[in-house]
Structure formats: structure tokens, C-alpha cells
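Breakdown of the fold
Here is how the chains run, residue by residue.
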Amino acid sequence: MIISSLTNPNFKVGLPNVIAQVCDYLNTLDLNALEVGRHEINEQIYMNVMEPETAEPSSKKAELHHDYLDIQVLIQGTENIEVGATYPDLASYEDYNEADDYQLTPAEIENKFTVTLTPNMFAVFYPYEPHKPCCLVNGKAEKIKKLVVKVPVSLI
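Residues numbered from 1 in each chain as written. Predicted model: local features only at pLDDT ≥ 70, side-chain atom pairs only at ≥ 80, totals over all residues. Heavy atoms only, no water.

In the annotation of an unreviewed UniProt entry, the entry for the protein chain reads YhcH/YjgK/YiaL family protein, and the organism field reads Rodentibacter heidelbergensis.

Take the nonpolar core next. The biggest cluster of nonpolar side chains holds 23 residues, and the ones touching the most others in it are Ile 71, Phe 122, Leu 147 and Val 149. Mapped by element, the contributors of at least two residues to this core are α1 (17-26), β3 (46-50), β5 (68-76), β9 (121-125) and β11 (145-152). Per-element accounting of this core gives the leading share, six residues, to α1. Setting aside chain neighbours within four positions, we find Leu 147 in contact with Leu 26, Leu 31, Leu 34, Met 47, Asn 48, Val 49, Ile 71, Gln 72, Val 73 and Ile 75. Counting 10 residues, the second largest nonpolar core, distinct from the first, contains Val 83, Val 115, Leu 117 and Phe 125. (Core = buried A, V, L, I, M, F, W, Y, C linked by side-chain atoms within 4.5 Å. Buried < 20%, exposed > 50% of the residue type's maximum accessible area, 1.4 Å probe, protein only. Helix = DSSP H or I, 4+ residues; strand = E, 2+ residues; numbered from the N terminus. Contact = heavy atoms within 4.5 Å.)

Here the largest pocket defines a volume of roughly 410 Å³. Along its surface, the largest pocket is lined by 24 residues, and Asn 48, Glu 63, His 65, Asp 70 and Lys 150 are the ones closest to its centre. Looking at the lining of the largest pocket, the elements with two or more residues in it are β3, β5, β10 (131-135) and β11. Of the residues assigned to the lining of the largest pocket, the class counts are 10 nonpolar, three polar and 11 charged. (1 Å grid on protein atoms, 1.4 Å probe; cavity = no way out; pocket = protein on both sides within 12 Å on 5 of 7 lines; lining within 4 Å. Points joined across faces, edges and corners; volume = space filled by probe spheres on them. Nonpolar A, V, L, I, M, F, W, Y, C, P; charged D, E, K, R; others polar.)

Two pairing modes exist for strands in a sheet, parallel and antiparallel, and in both the strands are linked by backbone hydrogen bonds. Judged by pairing direction, the sheet is antiparallel, and its six strands sit side by side in the order β1-β9-β5-β11-β3-β2 without closing on themselves. Edge positions in the sheet fall to β1 (2-5) and β2 (37-40), since each has one partner strand and no second. Strand-to-strand twist across the sheet, computed as the mean angle between neighbouring axes with direction ignored, equals 20 degrees. Inspection of the sheet shows β1 paired to β9 by four bridges, in the antiparallel sense. Within β9, the position partnered with Ile 2 by the bridge is Val 124. Strands β3, β5, β9 and β11 of the sheet are contacted by α1, whose axis makes an angle of about 145 degrees with β11. (Pairing = 2+ DSSP bridges. Axes fitted to C-alpha atoms, helices over the stretch in contact; angles between N-to-C directions.)

As C-alpha cells, then:
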């Protein structure tokens with residue numbers, strides 16, 4: 001996992017080239033004006049813009065991906081994301097959805113920590129890194145706006 005902010009002048013230091021290029025592209029956009037839905041970045045990379053409501057972590061399932069990495073960027077609001085620090089026990093996960101590249105689990109994430117995102121912060125989740133986005137901050141539900149860029153891991 002990588003965490004940084006699009007407003008940090010040094011955010012690209014140490015990033016894989018494709019992630020740095022995506023972040024550079026995002027910095028050319030008015031993120032607040034983006035319409036909800038899917039947006040193609042190029043023939044291999046796309047992003048989904050959404051406006052979910054944050055919720056109790058216990059009401060959500062953790063997810064992981066096999067073939068894509070996520071670049072999750074918060075646009076408006078605040079959001080906690082629970083993250084697993086160790087390789088997950090896939091036996092506790094539901095069947096893999098190959099068409100949409102995700103696997104869910106209702107189980108608690110093992111060896112988890114929580115990351116709090118504020119606007120313009122981003123978190124990169126590599127394949128098999130469990131994460132539970134859109135969780136409450138300070139026990140308060142709120143509508144947030146975020147985008148998730150899907151990058152094939154083969155481009156890293």
C-alpha cells in the first residue's frame with residue numbers, strides 16, 4: 001500500500017511510473033466537477049467516480065483484487081479505510097468475481113490498521129491487499145465523493 005496526497009509536491013518520488021502518470025493526469029482535472037460513473041483514462045486504465053455514504057466498518061465487507069491495483073482518491077469529505085498488513089486467508093473470502101476482479105469477505109481483516117483520507121489524498125492498494133473503504137470517521141456518517149482508478153498490475 002502507498003499513501004500520499006496529490007497536493008504533495010514530492011508525491012511521485014518512488015512511485016511506479018504508471019501510478020505517477022495517473023496521478024499527474026488526475027492533477028489536470030477538476031475532480032469536484034467529475035460526473036459519477038465510469039471514465040476511461042486510456043485503453044487499459046479507467047476510473048469510477050462515486051458518492052457513497054460512509055458506514056460502520058462492521059456493516060461492510062473487505063475486498064481485494066487479483067489483477068488490478070486500486071488508486072483510491074478522496075475528493076470530498078473524510079473517509080477511513082481499514083487495511084490488512086498481512087497476506088489474507090483466502091479461505092475466509094467469497095468466490096472470486098473474475099469479470100469484475102474482486103473478492104469479498106465478511107470476516108474481520110487480520111492485522112488491520114486504519115488510514116484516514118481527506119480531500120486530495122490517495123491510497124494505492126496492490127493485488128491481495130485487503131481493504132475496506134468508505135468507513136466512518138469519528139463515528140459520523142457522511143456522503144463523500146471519491147474516485148477509484150483501476151490499473152492492470154501488468155503495467156507495473
